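# Chain and residue survey
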Amino acid sequence: MTALYDQIGVGYAGLRRADPRIAARLLAALGPVAPLLNVGAGTGNYEPGDRRVVAVEPSREMIRQRPSGAAPAVQAAAQALPFADGAFEAGLAVLTVHHWPDPLAGLRELRRVVRGRIVILTFDPAARPWLTDYVPALAALDEAQMPPLEVYAQALGQVRITPLDIPHDCSDGFLHAFWARPEAYLDTRIRSGSSSFRALADTGAGLERLRADLESGEWDRRYGGLRRHDAYDAGYRIVSADGSPGSG
């Protein structure tokens, strides 16, 4: 099985670390239930350590980077989960659905094997954080690859969608985590932790404009008020769905 992150996931564990405040929000949404299935699990970020977890990850490279003591990982794709109906009490998917070849099929599979609550962290493709002013191709990429929020109800039934404000000093390195630290986007290593930057052929002009605006103070004139905020709604959303009598 080949997977996107076999190529772009090299070094991922050093760039992407779970932020404890985001982890707390996800765990609160999940509740204490087990067993838990984590789909698109990557290196194991945001997997709770206090219950039985089974991870599903298509990339051998990402499985290789899972730390010692992490939950067991099955190499499989979301749209073909190798589990019986209702095998898990809860399901988790963190910033992964947009990488699934068929998101709707993958979500329906997740609903099939999870009899209880499902919690998904995703991004609203209609959101336009300030970074898209400099790299408009990011917005186009989001529209192309991020499922619209209404897709989750189509696959999972009734859902609750709540904003996840991102801390100003977020320790994870996903795309809009550096909303209050714009200088970070000029660092090639930090950008390499984002699949969105890796997907774009040429962001040079926009990043040079960002560099110039930071040096001149124009960025702070336009967006500097954000630096005074503890957290920011950049467009990330927690999608929660409970099981139903017919689930599994």
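Residues numbered from 1 in each chain as written. Predicted model: local features only at pLDDT ≥ 70, side-chain atom pairs only at ≥ 80, totals over all residues. Heavy atoms only, no water.

With that settled, the discussion passes to the overall build of the protein. Secondary structure summary: the protein contains 12 helices and 9 strands in total. Across its three principal directions, the C-alpha atoms of the protein cover 60 × 35 × 30 Å. Taken across its 248 residues, the protein has 56% of its residues classed as buried. Within the protein, contacts between residues at least 6 apart in sequence are counted, and of these 71% link residues at least 24 apart. Accessible surface, the protein as shown: approximately 10800 Å² in total, 52% of it carbon and sulfur. Taking the 27 positively charged and 29 negatively charged side chains of the protein as two groups, their mean positions are separated by 4 Å. (Helix = DSSP H or I, 4+ residues; strand = E, 2+ residues; numbered from the N terminus. Buried < 20%, exposed > 50% of the residue type's maximum accessible area, 1.4 Å probe, protein only. Contact = heavy atoms within 4.5 Å. Areas by Shrake-Rupley, 256 points an atom, 1.4 Å probe, with all protein chains shown as cover. Lys, Arg positive; Asp, Glu negative; His and termini not counted. Charge placed at Lys NZ, Arg CZ, Asp CG, Glu CD.)

Attention now moves to helix α7 (residues 136-145). Where α7 is concerned, the buried positions are L138, A139, L141 and D142. Each buried residue of α7 sits inside an arc of 160° when the element is viewed along its axis, so together they form one side. Across from the buried face of α7, at angles greater than 90 degrees, the exposed residues are P136, E143 and A144. Where α7 is buried, its residues touch β5 (118-123), α6 (131-134) and α10 (195-199). (Arc of directions from axis to C-beta.)

With that out of the way, let us pick up the sheet that holds strand β3 (residues 73-74). Read across the open sheet, the 7 strands follow the order β3-β2-β1-β4-β5-β9-β6; overall the sheet is mixed. Strands at the two margins of the open sheet, each flanked by one partner only, are β3 and β6 (160-163). Relative to β5, helix α5 (residues 103-113) is tilted by about 160°, and along the sheet it contacts β1 (36-39), β4 (90-94), β5 and β9 (236-241). (Pairing = 2+ DSSP bridges. Axes fitted to C-alpha atoms, helices over the stretch in contact; angles between N-to-C directions.)

All told, the structure shown has 12 aromatic pairs when counted by the stated rule. Aromatic pair F123 and Y236: ring centres 5.0 Å apart, planes at 65°, arrangement edge-to-face. Taken together, the residues span a long stretch of sequence, with F123 in strand β5 and Y236 in strand β9 at a distance of 113 residues. The burial state of F123 is the same as that of Y236; both residues are buried. Here a set of aromatic residues connected by ring pairs shows up, and it is made of W130, Y134, F178, Y185, F197, W219 and Y223. (Phe/Tyr/Trp six-rings, centres within 6.5 Å; stacked < 30°, edge-to-face > 60°.)

Using the criterion set out here, one finds 16 salt bridges in the structure. With a shortest N-O distance of 2.8 Å, D220 and R227 are connected by a salt bridge. (Salt bridge = Lys/Arg side-chain N within 4 Å of Asp/Glu carboxyl O.)

Another aspect to go through is the pairing of strand β2 (residues 53-56). A regular strand carries its side chains on alternate faces of the sheet. Residues V53 and A55 of β2 are buried on one face, and the alternating residues V54 and V56, pointing to the opposite face, are buried as well. Looking at chain direction, β1 and β2 are connected through 4 bridges and run parallel. Counterpart to L37 in the pairing with β2 is V54. In terms of strand pairing, β2 meets β3 through 2 bridges, oriented parallel.

Next up on the list: the nonpolar core. The biggest cluster of nonpolar side chains holds 47 residues, and the ones touching the most others in it are I22, L121, W130 and Y236. Secondary-structure elements contributing two or more residues to this core are α3 (20-30), β4, β5, α6, α7, α11 (204-216), α12 (218-223) and β9. Looking at this core, the element that brings in the most residues is α3, giving 5 residues. Non-local contacts of I22, meaning those with residues more than four positions away in its chain, are made with Y46, L121, L164, I166, P167, C170 and F174. Counting 26 residues, the second largest nonpolar core, distinct from the first, contains V39, V56, A93 and V239. (Core = buried A, V, L, I, M, F, W, Y, C linked by side-chain atoms within 4.5 Å.)

Cis geometry is found at the peptide bond from A34 to P35, where omega equals 0°. With respect to the element layout, P35 can be found in the loop between α3 and β1. Of note, Y46 is a non-glycine position whose phi angle comes to about 75°, a positive value. Inspection of the secondary structure assignment puts Y46 in the loop between β1 and β2. Phi at L95 is positive, roughly 50°, even though this residue is not glycine. Relative to the helices and strands, L95 is located in the loop between β4 and α5. On the basis of relative accessible area, L95 is assigned to the buried category, the value being 16%.

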